[in-house]
Each structure stands twice: as structure tokens, then as C-alpha cells.
Amino acid sequence: MRRTVVTRLSGSLLAAEEEDGRITGLFLEPEGTESLVGRIYVGQVKSIVKNIQAAFLEFGPGRMCFYPLEDWEKHPLPGMEGKALREGDSLLVQIGKDAVKTKAPTATTCLTFTGQYLVLMAGKRGICFSSKIRDGARKQALKELLTEAAESEAAPFSFGLIVRTNGRAAPEEALHSEL
């Protein structure tokens, strides 16, 4: 059984994830701060700093985020493959890491959407599996099912999927519906 316990501790929120009686994660966040992780914005490139191989994007009035240029090389926008990122370009980005002290939040163009059974990755291709799914026959069956379903939803197969541990025993209809 899996559950999450949230409590207040010295002006902060403490969340503990428990699975089968073991703590699998602890998260401490100052109360009153709102996480940006997972949120998607249109960011405009304000500056490119070559010596740190990064760009700074404005994703709201006066709100800046850090964008590693390596991410642009791995996940360029469709139609912009092989082109250099320039000041003034607009990018669809997802915040991957909140701001820490004086450092801006970190953004990526590899967008991910997490569901109960699947994670859809807009910047990658292919089907991957949770490391807890070890049954090769089940993996192959899921891969065939999801490839067929994905190709009927989007042509060509323009995104990647991760089958989460919960997806191992999920009914086909649930996987289709979530996809």
C-alpha cells in the first residue's frame, strides 16, 4: 500500500511518501511558497551566456528561468532542428527545478505529462518501462499494445512513453483511455 502523509514542521510543509511500511521519500518546503515544477510556459530567450552554455528565458513579467543549451541540442522544437537558439526566440518549456536562493528555476523543452499508468514525453521517442517491470513477455505485450494505440492517435509516433509500475497490471481499456 502506498500513501502520502503531509504535516507542518517549523513553518514548513513536510511530506513523507510511504510504501509498504517504508518511507520512500521526504520533501520539505517552506510554507507559502508555491512550486513551479511541472508547469508549462512560453519563454522568450532574453540572453545566451556561452561560457556557462545556457540561456535565460523570461516566462512572465520579470520572471526568469535558466535553460541549458545542451537541452536545446537534445530536444529542439519541431522544425528548428539543427538551428542555433537566438535571443528573442520563443520556446515552450516546462519547469524542472524550482528556484534556489539566488538561482533561477531550471526549464526544459522535454515536456512530460504524468498519468496513473503512463508518462508521456513530448521531447523523446520510444517506449520505456519502469525498472520494477521485469516480465519480458508482459513488456512485449504492452509495447505492442501501446505502439498500435499511439500510432492511431498520432502520426508519426512523435512522443515517448514510460509505462509506470501501476501500468503493468492495468486493463487495456485504461491504458488506451489514458493515452
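Described in the following lines is the structure provided in the data block. Everything quoted here is computed from the prediction, not taken from an experiment.

Where strands meet in a sheet, backbone hydrogen bonds hold them as pairs that are either parallel or antiparallel. One open sheet holds the four strands; their spatial order is E9-E10-E12-E11, and the pairing between them is mixed. Edge positions in the sheet fall to strand E9 (112–114) and strand E11 (126–129), since each of these pairs with one other strand and no more. Along the sheet, successive strands turn relative to each other by an average axial angle of 15°, direction set aside.

If you walk through the whole model with that rule in mind, you get two aromatic pairs. With a centroid separation of 4.7 Å and 50° between ring planes, the pair formed by Tyr 41 and Phe 59 is classed as tilted. Of this pair, Tyr 41 sits in strand E4 (residues 40–49) while Phe 59 sits in strand E5 (residues 54–60), placing them 18 residues apart in sequence. The class of Phe 59 is buried, set by a relative accessible area of 8%. Both rings, one in Phe 56 and one in Phe 66, keep their centres 5.8 Å apart while their planes meet at 70°; by these two values the pair is edge-to-face.

With respect to the element layout, Leu 9 can be found in strand E1 (residues 2–9). With relative accessibility at 45%, the residue Leu 9 sits in the partly exposed group. Sequence spacing of Leu 9 and Glu 29 is 20 residues, and the spatial spacing of their C-alpha atoms is 9.7 Å.

Before going further, it helps to examine the pairing of strand E3 (residues 22–30). Sheet faces and side chains relate simply in a regular strand, where the side chains alternate between the two faces. Here strand E2 (residues 12–19) pairs with E3 via eight bridges, running antiparallel. Looking at the pairing, Leu 13 lines up with Glu 29 of E3. The hairpin turn running from E2 into E3, its antiparallel successor, is two residues long, and Asp 20 in that turn takes a positive phi close to 50°.

Pairing of E1 with E2 involves eight bridges; the strand directions are antiparallel. Paired with Thr 7 across the two strands is Leu 14, which belongs to E2. Hairpin remark: E1 followed by E2, antiparallel, with two residues in the connecting loop; positive phi at Ser 10, about 50°.

With that settled, consider the state of the cysteines. Following the criterion strictly, the structure yields zero disulfides and no others. Sulfur of Cys 65: no disulfide; nearest cysteine sulfur belongs to Cys 110 and is 15 Å away. Judged by its relative accessible area of 0%, Cys 65 is buried. Just so you know, Cys 110 is unpaired, no disulfide at all, and the nearest cysteine sulfur is the one on Cys 128, 11 Å from it.

Our next topic: the sheet that holds E1. Strands sit in the order E1-E2-E3 across an open sheet of three strands; the sheet is antiparallel. Two strands lie at the open edges of the sheet, namely E1 and E3, each paired on one side alone. Ignoring which end each strand starts from, the neighbouring axes of this sheet average 20° apart.

Attention now moves to unusual backbone geometry. A positive phi angle is found at Asp 20, which is not glycine, with a value near 50°. Here Asp 20 lies in the loop between E2 and E3. By relative accessible area, Asp 20 is classed as exposed at 58%. Positive phi outside glycine occurs at Gln 53, with the angle close to 50°. In this structure, Gln 53 sits in the loop between E4 and E5.

Conventions adopted
- Residues numbered from 1 in each chain as written.
- Predicted model: local features only at pLDDT ≥ 70, side-chain atom pairs only at ≥ 80, totals over all residues.
- Heavy atoms only, no water.
- Pairing = 2+ DSSP bridges.
- Helix = DSSP H or I, 4+ residues; strand = E, 2+ residues; numbered from the N terminus.
- Axes fitted to C-alpha atoms, helices over the stretch in contact; angles between N-to-C directions.
- Phe/Tyr/Trp six-rings, centres within 6.5 Å; stacked < 30°, edge-to-face > 60°.
- Buried < 20%, exposed > 50% of the residue type's maximum accessible area, 1.4 Å probe, protein only.
- Disulfide = S-S within 2.5 Å.

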